[in-house]
Amino acid sequence: MAKRDYYEVLGVNKSASKDDIKSSYRKLAKKYHPDNKETGDETKFKEVQEAYDVLYDDNKRSTYDQFGHAAFEQTGGGAGGGNPFQGGGFGGFGDDINLGDIFSSFFGGGQRRSRNTGGPQRGDDRLMRLKVDFMDVVLGKDTEISFDYQGECPHCHGSGADSPSDIRVCPTCGGRGTVRRQQRTLFGVMENEAVCPECGGKGKIISKKCSSCNGSGHINSKKTMKIHIPAGINEGQQIRLQGMGEPGLNGGPYGDLYVEIAVKPHPYFKREHNDIHLEVPIDFIDAALGNKIEVPTPYGDVLVTIPAGTQSGQVLRMKGKGINDLRTQKPGDQYIHLNVRIPTSLNRKQREALESYKNALDEKDTAFAKFKKVFKK
């Protein structure tokens, strides 16, 4: 039976770029791969692979354009009887094409596979975000989270088969999950290893899929877990839950779940590294005469002395009243930013008292008088 034109097989024209060839190859390989139960066709899959193997290689493509299929046909029966035009016949893979990556993304739930291997592989990690209160990251807290989890199917125990008798060793690869292929080149016979096209690298064939999980080996469920938010954790940092990610391939271990912390802003406390900043309003009389006031901290109120003559914007440090460092547990400090408030309305007694104070002032010692004096020099 005569071979179809390679350009026709891939559905591209003779001026197609390498990107066009690769794109068409990916679509057709996915469509005809034996793992695809709906449109899989091993004969067409091999035909597509053969066409790609030639057209994606610049040297082979140039030779094919000149001599057609004859350039790649065998002309001798011995070990050295390969066609002199042949730069490597059907069976090799393009250097930047990883079939495991292509097929696993369509037939294996998007999991990663290493090149040309079908052994156990770790599942993907997952990420979820958890919004917590400001005080939770200052004091620490135990809380519960819920997330989707693909647990092991209780019926097949992860095998994907309806019963143990429905599992048999793959006859193509003998249970290894990989097959070795030979191809003739100008340098002799070359061998490479590829994922078995029969079992997709699993090493086994399942004749009847599990009725509970439809062959996946896993059941989707909602899982609830208690986690501890450690005191001192910061915005964007993550808590790792081992084994709570995506299931592995071919019996590989689960990935991990990372819980990323998002902190709700506090109406008054502001965090800067491990320090806390708080704006505290005080009356102008307390600023002038000094006073003792109870200042809020995350750990309770603390008595603080306001020095006489305090100015608006002055900052006082409360040592050790900040946030514990997540690693060293050394606490930061709390800084209070004093905001001196001037009354906007006065009763009669208050006005009389302030007028008495004003009359007692030497006009030369007022703040404005000192300011004006600078300009008269």
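Residues numbered from 1 in each chain as written. Predicted model: local features only at pLDDT ≥ 70, side-chain atom pairs only at ≥ 80, totals over all residues. Heavy atoms only, no water.

Colleague: Run through the packing of helix H2 (residues 18–32) against helix H3 (residues 42–55), naming residues and quoting values.
Modeller: Interhelical geometry of H2 versus H3 gives an angle of 165° and a closest axis separation of 9 Å. It follows that H2 is roughly antiparallel to H3 by the angle criterion. The handedness of the crossing between H2 and H3 comes out as left-handed. Residues Ile21, Lys22, Tyr25, Leu28, Ala29 and Tyr32 of H2 lie in contact with H3, whose contacting residues are Glu42, Lys44, Phe45, Val48, Gln49, Tyr52 and Leu55. Of the residues that constitute the contact of H2 with H3, the class distribution is nine nonpolar, one polar and three charged. (Axes fitted to C-alpha atoms, helices over the stretch in contact; angles between N-to-C directions. Helix = DSSP H or I, 4+ residues; strand = E, 2+ residues; numbered from the N terminus. Parallel < 35°, antiparallel > 145°, perpendicular 65-115°, else oblique. Left-handed = near helix turned anticlockwise from the far one by under 90°. Contact = heavy atoms within 4.5 Å. Nonpolar A, V, L, I, M, F, W, Y, C, P; charged D, E, K, R; others polar.)

Colleague: How would you sum up the confidence of the model for the chain? Please name residues and give values.
Modeller: Predicted confidence across the chain gives a mean pLDDT of 82, with 85% of residues reaching 70 or more. Element-level pLDDT for the chain is lowest in helix H5 (residues 99–107), with a mean of 44, against a maximum mean of 96 in strand E14 (residues 315–318). pLDDT under 50 marks residues 74–116. Its contacts with residues more than four places away, or in other chains, come to 110 contacts. (pLDDT = per-residue confidence, 0-100.)

Colleague: Describe unusual backbone geometry, naming the residues involved and giving the relevant values.
Modeller: One non-glycine residue, His157, lies in positive phi territory at about 55°. With respect to the element layout, His157 can be found in the loop between strand E2 (141–152) and strand E3 (167–169). The exposure class assigned to His157 is exposed, which follows from its relative accessible area of 57%. The phi angle at Asn214 is positive, at roughly 60°, despite the residue not being glycine. Along the chain, Asn214 falls in the loop between strand E6 (204–206) and strand E7 (218–229). (Buried < 20%, exposed > 50% of the residue type's maximum accessible area, 1.4 Å probe, protein only.)

Colleague: Kindly report on the sheet that holds strand E9 (residues 257–263), identifying the contributing residues and their values.
Modeller: If you trace the three strands from one edge of the open sheet to the other, you get E1-E9-E8, paired in mixed fashion. Only two strands of the sheet have a single partner each, and these edge strands are strand E1 (126–132) and strand E8 (238–241). Adjacent strand axes in the sheet meet at a mean angle of 25° when their direction is disregarded. Of the strand pairs in this sheet, E8 and E9 are connected by four bridges, and their pairing is antiparallel. Pairing of Leu241 across the sheet is with Leu257, part of E9. (Pairing = 2+ DSSP bridges.)

Colleague: Hey, could you go over the state of the cysteines for me, with residue numbers and the actual values?
Modeller: Inspection of the entire model under this criterion finds zero disulfides. Not part of a disulfide, Cys156 finds its nearest cysteine sulfur in Cys213, a span of 3.7 Å. Owing to a relative accessible area of 7%, Cys156 belongs among the buried residues under this scheme. (Disulfide = S-S within 2.5 Å.)

Colleague: Summarise a nonpolar patch on the surface; cite the residues concerned and give the values.
Modeller: Taken together, the side chains of Phe368, Phe371, Val374 and Phe375 define a hydrophobic patch exposed on the protein surface, amounting to about 490 Å² of accessible area. Examined against the element boundaries, Val374 turns out to sit in helix H9 (residues 367–375). Its relative accessible area of 54% is what places Val374 among the exposed residues. (Patch = residues over 30% accessible without salt bridge, like charges linked within 9 Å, V, L, I, M, F, W, Y side chains within 5 Å. Areas by Shrake-Rupley, 256 points an atom, 1.4 Å probe, with all protein chains shown as cover. Salt bridge = Lys/Arg side-chain N within 4 Å of Asp/Glu carboxyl O.)

Colleague: Hey, could you go over the pairing of strand E12 (residues 291–295) for me, with residue numbers and the actual values?
Modeller: As judged from the five bridges shared by E12 and strand E13 (residues 302–306), these two strands associate in the antiparallel manner. Its bridge partner being in E13, Asn291 is matched across the sheet by Ile306. Connecting E12 to the antiparallel partner E13 that follows it, the hairpin turn spans six residues, and Gly300 within it adopts a positive phi of roughly 120°.

Colleague: Can you tell me about H3, naming the residues and giving the values?
Modeller: Taking 1.5 Å of rise per residue, the 14 residues of H3 would be expected to cover 20 Å, and the 20 Å separating its terminal C-alpha atoms lies within 8% of that figure. Looking only at H3, the buried set comprises Phe45, Val48, Gln49, Glu50, Ala51, Tyr52, Asp53, Val54 and Leu55. In this structure Asp41 caps H3, since a side-chain oxygen of it lies 3.1 Å from the backbone nitrogen of Thr43. (Expected span 1.5 Å × (residues − 1). Polar contact = N/O pair within 3.5 Å; in protein donor to acceptor, adjacent residues only side chain to side chain.)

Colleague: Pulling in residues and values, what's your account of the packing of H3 against helix H4 (residues 58–67)?
Modeller: The axes of two packed helices give the description: the angle between them and the distance between them. Relative to each other, H3 and H4 sit at 100°, their axes nearing to 6 Å. Accordingly, the angle class assigned to the pair H3 and H4 is roughly perpendicular. Residues Asp53, Val54 and Leu55 of H3 lie in contact with H4, whose contacting residues are Lys60, Arg61 and Tyr64. Here the contact of H3 with H4 is composed, by residue class, of three nonpolar, no polar and three charged.

Colleague: Give me the lowdown on the packing of aromatic side chains, citing residues and values where you can.
Modeller: Using the criterion set out here, one finds seven aromatic pairs in the structure. Ring geometry for Tyr52 versus Tyr56: centroids 4.9 Å apart, planes at 25°, classification stacked. Judged by its relative accessible area of 1%, Tyr52 is buried. Judged by relative accessible area, which is 13%, Tyr56 ranks as buried. An aromatic cluster is present here, built from Tyr6, Tyr7 and Tyr64 joined pairwise through their rings. (Phe/Tyr/Trp six-rings, centres within 6.5 Å; stacked < 30°, edge-to-face > 60°.)

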